[in-house]
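Coordinates in review
Each chain, written out:
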Amino acid sequence: MKQHILCASDELIAGTGRVFEIGNRSIGIFNINEKYYALRNRCPHQGGPLCESELFYRIEAEVSEGKIREFVPSEKDAIACPWHGIEFDVTTGVCLSKKEWKVATYTVFKNSDGYLVVEIPE
Amino acid sequence: MGGFNLTKKYRIVDVDAHYIDDPRGLWKYLDEPWRTRIRDWGGKYYHPANGGLVSDSTMGGRFKPNYLTKQLNEEQGINDEILGVSSSEENVKRVMDHLDIETIVMIPTYLLHVGNMNDKSLAIALSNAHADYMLENVANPSKGIYCALPVPAQNPAAAKALIDRVGDHPGICSILIVTEHPVPPLGSDFYDPIYEAAIRHNLPVICHGSFSGPDSNTYIHGLEKWVESHSLDFMIGNMAQLTSIVMQGVLERFPGLKFIFQEAGIFYIPMIMYRLDTEYMRRRSEVPILKKLPSEYIKEMYFGTQPIEIPSKIDHLKYVFEMIDAENTLMYASDYPHYDWDHPSVITKLPFLTQQAKQKILGDNARNAFRFNEL
């Protein structure tokens, strides 16, 4: 594993993401309520730029008293590939509509100097 | 962002890419009174380009039509209005170069409404003006850019006149008839003037849907969701028109006329093949003009691949390919920039295809089906 310094943490405000080119990898970094997530910027569907998506609310539903109740959780933690709109959970990299698809995720954290650091396999 | 370096292996033809046409600019190509009517077309937005009349087809912006074009333009510092109401030969060429597409067939977006225009004179006026606009501004065979010719099929005499007027232009590679709600269905001899003109000009017939959504044009009224109507509409349209064309013996009345069905994926094709064969076995006396099984006629037709269905078990796709003789009947179609477009890798990455089969689907079948005449 190799660590790469990305940017000052205050350059990535909560609720947003940004794509970084690291070697031959394109990585998307997202800030969800001051927790950071890193995903490979490549949609498994047809190779689209998945992490160029903004963060979306993950609209969910359940059956309640025999009826469908739709709801929106409090935080935006989904992204959708701009090419075809296929959604992924930012926190796990798992596709919301086809669970067998998973985008590579990486460890990312804020270091003691206030910079975002991502760990990438060499 | 570089290209995909596919030209080293394949010569790609994209048989279904969409020009974002704006009918309001066609007034310059019209005679009065349509010249005045179209020039004075009121309202900033005649119709949302994504097809939704009253609801959001893009799922809150989760998919972004034209995204690749915007990226390519931004890379080159080009500020081009891409709000669904403009496009250009330059934009088309930029996307072709990026996706390694050698030849492209331009299908309109707005003018896919031509089949649904109850005002026949409007349909005739706009389809003629559209043809003149595209041939003057977009078609460029030397750069591999060809146009399909949408015809006002609701008036076959006018459609024939349009084909006779521009059909020999080298920028035209096909005619196009919209598959949603033509009355009567396309197998009727009502359309014979169109088919006669097409075959005389050596042009195939593209059968293509128009718009689909729970609020418009859907075959099954009462469907509430985009995921319902968009799953079915183009497929139902294609199946209905294909059934009519086959069972009414169009291919016996016009031997050599090529039909190309687009934008409904491919899994419906074996279903309709075997369904029609089963019915025909019982009712041969009703359609004695047919000299072979319906499935044999269907395997003489061509089908655009988009939006290709890729199951988790890839063998299922392989079986469909076998059933429909895909190596000889399928043609790669992107449908770019619409939101369910397919990248060429949907074909290049299929593990069960030989290189030869990939090249046929990616380009050689199209070069057999279409009339591509480079200037």
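An account of the accompanying structure is given in this report. (Residues numbered from 1 in each chain as written. Chains lettered and ligands numbered in written order. Predicted model: local features only at pLDDT ≥ 70, side-chain atom pairs only at ≥ 80, totals over all residues. Heavy atoms only, no water.)

**Structural notes on the overall build of chain A**
- Along chain A, the regular secondary structure elements total zero helices and 11 strands.
- Reading chain A from its N end, one meets helices and strands in the order β-β-β-β-β-β-β-β-β-β-β.
- Across the 122 residues in chain A, those meeting the buried criterion constitute 42%.
- Considering only contacts in chain A between residues 6 or more positions apart, those separated by 24 or more positions represent 44%.
- Approximately 6700 Å² of chain A is accessible, and the part contributed by carbon and sulfur atoms is 46%.
- When the 14 positive and 18 negative side-chain charges of chain A are each reduced to one mean point, those points stand 4 Å apart. (Helix = DSSP H or I, 4+ residues; strand = E, 2+ residues; numbered from the N terminus. Buried < 20%, exposed > 50% of the residue type's maximum accessible area, 1.4 Å probe, protein only. Contact = heavy atoms within 4.5 Å. Areas by Shrake-Rupley, 256 points an atom, 1.4 Å probe, with all protein chains shown as cover. Lys, Arg positive; Asp, Glu negative; His and termini not counted. Charge placed at Lys NZ, Arg CZ, Asp CG, Glu CD.)

**Thoughts on a nonpolar patch on the surface**
- There is a patch of nonpolar side chains on the surface, built from Tyr57(A), Ile59(A) and Val72(A) and spanning about 280 Å² of accessible area.
- Within the secondary structure, Tyr57(A) sits in strand 5 (residues 56-57). (Patch = residues over 30% accessible without salt bridge, like charges linked within 9 Å, V, L, I, M, F, W, Y side chains within 5 Å. Salt bridge = Lys/Arg side-chain N within 4 Å of Asp/Glu carboxyl O.)

**Let's talk about the side chain of Asp21(B)**
Residue and element names in this part refer to chain B.
- Among the structural elements, Asp 21 can be located in the loop between strand 1 (12-19) and helix 1 (34-39).
- Buried and unpaired, Asp 21 has Arg 24 as its nearest opposite-charge partner, separated by 11 Å.
- A polar atom in the side chain of Asp 21 sits 3.1 Å from the backbone nitrogen of Leu 111. (Polar contact = N/O pair within 3.5 Å; in protein donor to acceptor, adjacent residues only side chain to side chain.)

**Quick notes on the pattern of salt bridges**
- Throughout the structure, instances matching the rule amount to 23 salt bridges over all chains.
- The closest approach of N and O atoms between Glu11(A) and Arg18(A), which form a salt bridge, is 3.5 Å.
- On the basis of relative accessible area, Arg18(A) is assigned to the partly exposed category, the value being 34%.
- Note that Arg200(B) is salt-bridged to Glu196(B), the shortest N-O span being 2.7 Å.

**Some points on the pairing of strand 2 (residues 101-108) of chain B**
Residue and element names in this part refer to chain B.
- In terms of burial, strand 2 is a largely internal element, seven of the eight residues being buried.
- Where strand 1 lies against strand 2, six bridges are found, and the strand directions are parallel. Residue Ile 12 lies in a different strand from strand 2, and its bridge partner there is Ile 101.
- Across three bridges, strand 2 lies against strand 3 (residues 145-150) in parallel orientation. Paired with Val 105 across the bridge in strand 3 is Tyr 146. (Pairing = 2+ DSSP bridges.)

**Regarding helix 5 (residues 156-166) of chain B**
Residues and elements named next belong to chain B.
- Taken residue by residue, helix 5 has Pro 156, Ala 158, Ala 159, Leu 162, Ile 163 and Val 166 as its buried positions. Around the axis of helix 5, the buried residues are gathered within 160° of arc, so they sit on the same side.
- Those residues of helix 5 that are buried lie in contact with helix 4 (120-137), strand 3, strand 4 (172-178) and helix 6 (192-200). (Arc of directions from axis to C-beta.)

**Considerations on unusual backbone geometry**
Residue and element names in this part refer to chain B.
- Of note, the bond from Gln 306 into Pro 307 is cis; its omega dihedral lies within 30 degrees of zero at -15°.
- Take Pro 307: it is sitting in the loop between strand 7 (302-304) and helix 11 (314-323).
- For the bond from Tyr 336 to Pro 337, the omega torsion is 5°, close enough to zero to count as cis.
- With respect to the helices and strands, the residue Pro 337 is situated in the loop between strand 8 (330-331) and helix 13 (345-348).

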